[in-house]
Amino acid sequence: MNIFFMALYFIAGFILLGVWGLLAMWLERKAAARLQFRVGPPWYQNFADLVKLSGKEMLIPERANSLVFIFAPVVSVLAAAAAGTLILFRAGDAILILYLLAIPSLGAIIGGSSSGNVLAVVGISREIKLLLGYELPFACAVIIPALKSGASTSLAGIVSQQQAGGVFAGSVSGIAGFVIAVFSLQGKIGLVPFDLAEAEGEIATGSQIEYSGILLGLFKLSRAILLAAGPLFVVSLYLGGFNLSSPGAAAAGMLKYLLVLVLMILLKNTNPRLRIDHALRFFWGGLALAGMAAILLAFIGY
Amino acid sequence: MDIKKRAFKRSLWVYHLSGGSCNNCDIEILDCLTPRFDIERFGMVLVGSPRHADVLLCTGIVNKKCVERMREVYDQTAKPCVVVAIGACACSGGIFREGYQMAGPLEKIMPVDVYIPGCPPKPEAMIAGIVKLLEKIK
Ligand code: SF4
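This report concerns the structure included in the present document. Remember, it's a predicted structure, so these values are computed and weren't measured experimentally.

## Quick word on the interface of chain A and chain B
Contact with chain A, which involves 31 residues of that partner, is made by 29 residues of chain B. Taken together, both faces of the contact between chain A and chain B bury some 2300 Å²; the carbon and sulfur share is 55%. Our count for the contact surface shared by chain A and chain B stands at six salt bridges. Asp38(B) is the partner of Arg38(A) in a salt bridge, and the nearest nitrogen-oxygen pair spans 3.0 Å.

The following block contains the structure:
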């Protein structure tokens, strides 16, 4: 594949995932509102937010390192889009995607630390701990499908294996891995039980506190793209992926995606925020151990 | 009207700034977020940082300790940003007009776009005020 086609794929994936993610974010807000007996925002809300943010003044704090401050959100959004595009076109390797999906959090950490704000520092300290926490179970959740498809980590291999011989979520270790993946994804996207890095009430959105204008919009966009790409990744790993060959197959893929998304939204709306030590104990104590056990199970063929 | 203005009107992010209020106005602001009034259907959300704010909701007489801080917060917001004075205190001084700590009203500190009187104003009054504000942004 030459570089031109790669760029074309990337741009198409970026636009598709951006629109998709903003709609998914609306679903998340709307569902939260309906569960609280509110009406909730209209469907175009997140698009309006983004356009508005692009029209606002972009402030760079005096104490900030302006180069890093500007590049952090740009890198976040590009990495999220790259990971999403790879998942969407089922190219690349699960381990590569694992790396790319970690970059948006790193971007938030670097941007927050360059902004020179005290509350941002509290936010990034939490974000770092959280990153260390959820990456371990998430890696476990990636290893299980790789083992099941005969030690192949290529996404296309994992998906075609499932389309030939049944989805991985049908086995014991598959179910465990699926649950672990959903929980770690919740932490990765920063949805409520694990939103302590941007806790609005106590540390005023943490690492993003000094961001304004389009830079803040880019952070929102990268989160939106993660909200589209993350569940898609889980669908590819455990639920047999999706394909766009016929309308029926596309609808089935969409349903799988919605299943994961709704699961995450329900988790979000039924749980209070955890404290950082509780979150770490949950990820390292509970989930990671369960992940190792599931890997063992997958190894002996369950 | 261009698209950015329209988006701005559909997505007002609110930052709540108290300049020595008696806390009653602040409670009424929170009322706007409850299921009965639910301002999120107009795209308004409460944000935690002045950098994200499109609207500053200011309550209270501005007392002498607060003046510098309120100016600072106003300077920190990303423009365009509108300022709403909520309650009799912020509009004119209210019952604390003769108080020894009075340094306001708010319009002495920053340019105010909308005044919503009342002690405290009802949530309906605040929503009506915001609607008038939206008509003003053209
Ligand atoms: S206007 Fe009335 S309710 Fe509001 S802060 Fe002043 S005294 Fe309190």
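Moving on from the coordinates now.
## Points about the site of the ligand
All names here are of chain B. Within the structure, the ligand sits among Ser21, Cys22, Asn24, Cys25, Gly87, Ala88, Cys89, Phe96, Gly118, Cys119 and Pro120. Sorting the residues of the shell around the ligand by element identifies helix 2 (24-31) and helix 4 (87-92) as the ones contributing at least two each. Classifying every residue of the shell around the ligand gives seven nonpolar, four polar and no charged.

## Things to note about the pattern of salt bridges
Within the structure shown, the criterion is met by 12 salt bridges over all chains. The shortest N-O distance in the salt bridge between Lys188(A) and Glu135(A) comes to 2.6 Å. With a gap of 53 residues between them, Lys188(A) in helix 7 (residues 172-189) and Glu135(A) in helix 5 (residues 118-148) connect regions that are remote in the sequence. Judged by relative accessible area, which is 5%, Lys188(A) ranks as buried. Given the relative accessible area of 18%, Glu135(A) is considered buried. In this structure, Glu68(B) and Arg71(B) form a salt bridge, with 3.3 Å as the shortest nitrogen-oxygen distance. Residue Glu68(B) and its partner Arg71(B) are located together in helix 3 (residues 66-76), separated by three residues, close to a single helical turn.

About the thresholds
- Residues numbered from 1 in each chain as written.
- Chains lettered and ligands numbered in written order.
- Predicted model: local features only at pLDDT ≥ 70, side-chain atom pairs only at ≥ 80, totals over all residues.
- Heavy atoms only, no water.
- Contact = heavy atoms within 4.5 Å.
- Buried area = accessible area lost by both parts, 1.4 Å probe.
- Salt bridge = Lys/Arg side-chain N within 4 Å of Asp/Glu carboxyl O.
- Near = heavy atom within 4 Å.
- Helix = DSSP H or I, 4+ residues; strand = E, 2+ residues; numbered from the N terminus.
- Nonpolar A, V, L, I, M, F, W, Y, C, P; charged D, E, K, R; others polar.
- Buried < 20%, exposed > 50% of the residue type's maximum accessible area, 1.4 Å probe, protein only.

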